[in-house]
Amino acid sequence: MTILTFTLILLAGAYLAGLLGSLTGLGGGVVVIPLLTLVFHVDIRYAIGAALLASIATSSGAASAYVKEGITNIRLGMFLEIATTIGAVMGALIAVYTPTNTIAMLFGGILIFSAAMTLRKKNEVALTEGSRLSELLKLNSDYPVNGKKVAYKLRNIAGGFSLMTVAGVVSGLLGIGSGALKVLAMDTTMKIPFKVSTTTSNFMIGVTAAASAVVYLQRGYMDPGIAFPVILGVLGGAFTGSKLLTRMNPKVLRIIFCIAITFVAIEMIYNGYQHKF
């Protein structure tokens, strides 16, 4: 296979990854890494490096729109980024010394968890009573619903902070946004409305990925020939997905995509178990 053919196929695959990731909310990394490792047989650490760069690019683009609309809780995001950044650096350092087959099996397990999380019932209730710590840190806020501002308060800040650290470790170790864990921390643990938790998670992903990417860059796991088409493709796919989302039924898409991702996860776990990475 020539370099041009490889680049064009990878660009098309990354576009599809960005499109599906945008429509389902799972992110492009869950498709990009299996694509690079299972189809192109790229070392999983180089695949993770490319996926992290793509996460930074897509998060930066989408986050600005959500901040402008007033949905993202910026103060909460910056507070929780302390946990995710520390976790991301720890995860990236662990990944350097972890066997690739082990990373592949862990990746498969997280894919199955992420797929299951997208199908669960979401929290849409805005709490009127929060914890004393949320008041002290001024993390309570409001968000627009049908043109009106709805106030909400937070609970269990310590529990959410702890889960965010775990999400950061997963992000640094596996090169995915670990949005499922972040939304779980905010939506289920801290009782934040789902719309706010997803947009705030997106706001945080870029910073978390950047912290991990520094370690991968220093270790030489950033290949421009792989990363450049991945970034362009995922960005293009995410932009198209955001336009198509209003015309399609995301619930049906999530079910179909989750089934497909589960099969990919099983393949990753099997290949990792067979030491094929």
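One can find the structure itself at the top, above this paragraph.
Residues numbered from 1 in each chain as written. Predicted model: local features only at pLDDT ≥ 70, side-chain atom pairs only at ≥ 80, totals over all residues. Heavy atoms only, no water.

Glancing now at the overall build of the chain. From N to C terminus, the chain includes 11 helices and two strands. Counting from the amino terminus, helix and strand elements in the chain follow one another as α-α-α-α-α-α-β-β-α-α-α-α-α. The long-range fraction of contacts in the chain, counting pairs at least 24 apart against all pairs at least 6 apart in sequence, stands at 82%. Total accessible area on the chain stands at roughly 12900 Å², and carbon and sulfur atoms take up 67% of it. (Helix = DSSP H or I, 4+ residues; strand = E, 2+ residues; numbered from the N terminus. Contact = heavy atoms within 4.5 Å. Areas by Shrake-Rupley, 256 points an atom, 1.4 Å probe, with all protein chains shown as cover.)

Attention now goes to helix α2 (residues 29-39). The buried fraction of α2 amounts to nine of the 11 residues, a majority that puts the element mostly inside the structure. Among the residues making up α2, those that are buried are Gly-29, Val-30, Val-31, Val-32, Ile-33, Pro-34, Leu-35, Leu-36 and Thr-37. (Buried < 20%, exposed > 50% of the residue type's maximum accessible area, 1.4 Å probe, protein only.)

Next up on the list: the packing of aromatic side chains. Within the structure shown, the criterion is met by five aromatic pairs. Ring centres of Tyr-46 and Tyr-221 lie 5.4 Å apart, and the angle between their planes is 85 degrees; this geometry places the pair in the edge-to-face category. Residue Tyr-46 is located in helix α3 (residues 44-69), and its partner Tyr-221 is located in the loop between α9 (194-218) and α10 (224-244); the two are separated by 175 residues in the primary sequence. Judged by relative accessible area, Tyr-221 falls into the buried class, the value being 16%. Ring centres of Phe-79 and Phe-161 lie 5.2 Å apart, and the angle between their planes is 45 degrees; this geometry places the pair in the tilted category. (Phe/Tyr/Trp six-rings, centres within 6.5 Å; stacked < 30°, edge-to-face > 60°.)

A separate point is the pattern of salt bridges. According to the stated counting rule, one finds two salt bridges in the structure shown. Close ionic contact of Glu-135 with Lys-153 constitutes a salt bridge, the shortest N to O distance being 3.4 Å. With Glu-135 in helix α6 (residues 132-136) and Lys-153 in the loop between β2 (148-152) and α7 (157-174), this pair connects stretches of sequence that are 18 residues apart. A relative accessible area of 28% means that Lys-153 is categorised as partly exposed. In this structure, Asp-142 engages Lys-149 in a salt bridge whose closest nitrogen and oxygen atoms are separated by 3.9 Å. With relative accessibility at 31%, the residue Asp-142 sits in the partly exposed group. (Salt bridge = Lys/Arg side-chain N within 4 Å of Asp/Glu carboxyl O.)

Let us look at the side chain of Ser-134. Structurally, Ser-134 can be placed in helix α6. Under the relative-accessibility criterion, Ser-134 is labelled buried at 0%. There is a polar contact of 3.2 Å between the side chain of Ser-134 and the backbone oxygen of Leu-154. Once residues lying within four places of it in the same chain are set aside, the contact partners of Ser-134 are Leu-139, Asn-140, Leu-154 and Ile-157. (Polar contact = N/O pair within 3.5 Å; in protein donor to acceptor, adjacent residues only side chain to side chain.)

A separate point is α7. Between its first and last C-alpha atoms α7 spans 26 Å; for 18 residues at 1.5 Å apiece the expected length is 26 Å, and the two agree. Every buried residue belonging to α7 is among Ile-157, Gly-160, Met-164, Ala-167, Gly-168, Val-170, Ser-171, Gly-172, Leu-173 and Leu-174, and all of these are buried. Positioned one or two residues after α7, Gly-175 has a phi angle of 75 degrees, which is positive. (Expected span 1.5 Å × (residues − 1).)

Our next topic: the side chain of Asn-73. Assignment of secondary structure puts Asn-73 in the loop between α3 and α4 (74-96). A residue is classified by how much of its surface remains accessible, and Asn-73, at 4% relative accessible area, is buried. Within the structure, the side chain of Asn-73 is placed 3.0 Å from the backbone nitrogen of Leu-76, a separation counted as a polar contact. Setting aside residues up to four positions removed in sequence, Asn-73 forms contacts with Leu-139, Ser-141, Tyr-152, Val-196 and Thr-200.

Leu-10, Ile-33, Leu-36, Leu-174, Tyr-216, Ile-226 and Val-230 are the most contacted members of the largest nonpolar core, which has 51 residues in total. Here Val-230 is in contact with Leu-10, Ala-14, Val-32, Leu-36, Ala-50 and Ala-54, once residues within four sequence places are set aside. Leu-154, Met-164, Met-186 and Met-204 belong to the second largest nonpolar core, which has 16 residues in total. (Core = buried A, V, L, I, M, F, W, Y, C linked by side-chain atoms within 4.5 Å.)

Mapped onto the secondary structure, Glu-81 falls in helix α4. In sequence terms Glu-81 and Phe-203 are 122 residues apart; their C-alpha atoms lie 9.5 Å from each other. The residues touching Glu-81, leaving out its near neighbours within four places in the chain, are Phe-203, Met-204 and Val-207.

The subject of this paragraph is the environment of Gly-18. Here Gly-18 lies in helix α1 (residues 3-24). Counting along the chain gives 11 residues from Gly-18 to Gly-29, while the straight-line C-alpha distance between them is 8.2 Å. Excluding anything up to four places from it in sequence, Gly-18 contacts Val-234, Gly-237 and Ala-238.

Now for the packing of α4 against α7. Their axes nearest at 6 Å, the elements α4 and α7 cross at an angle of 35 degrees. Relative to α7, α4 is oriented so that their crossing is right-handed. Of the residues in α7, those touching α4 at Phe-79, Leu-80, Ile-82, Ala-83, Thr-84, Gly-87, Ala-88, Met-90, Gly-91, Ala-92, Ile-94 and Ala-95 are Ile-157, Phe-161, Met-164, Thr-165, Gly-168, Val-169, Gly-172 and Leu-173. Class assignment of the residues belonging to the contact of α4 with α7 gives a composition of 14 nonpolar, six polar and no charged. (Axes fitted to C-alpha atoms, helices over the stretch in contact; angles between N-to-C directions. Left-handed = near helix turned anticlockwise from the far one by under 90°. Nonpolar A, V, L, I, M, F, W, Y, C, P; charged D, E, K, R; others polar.)

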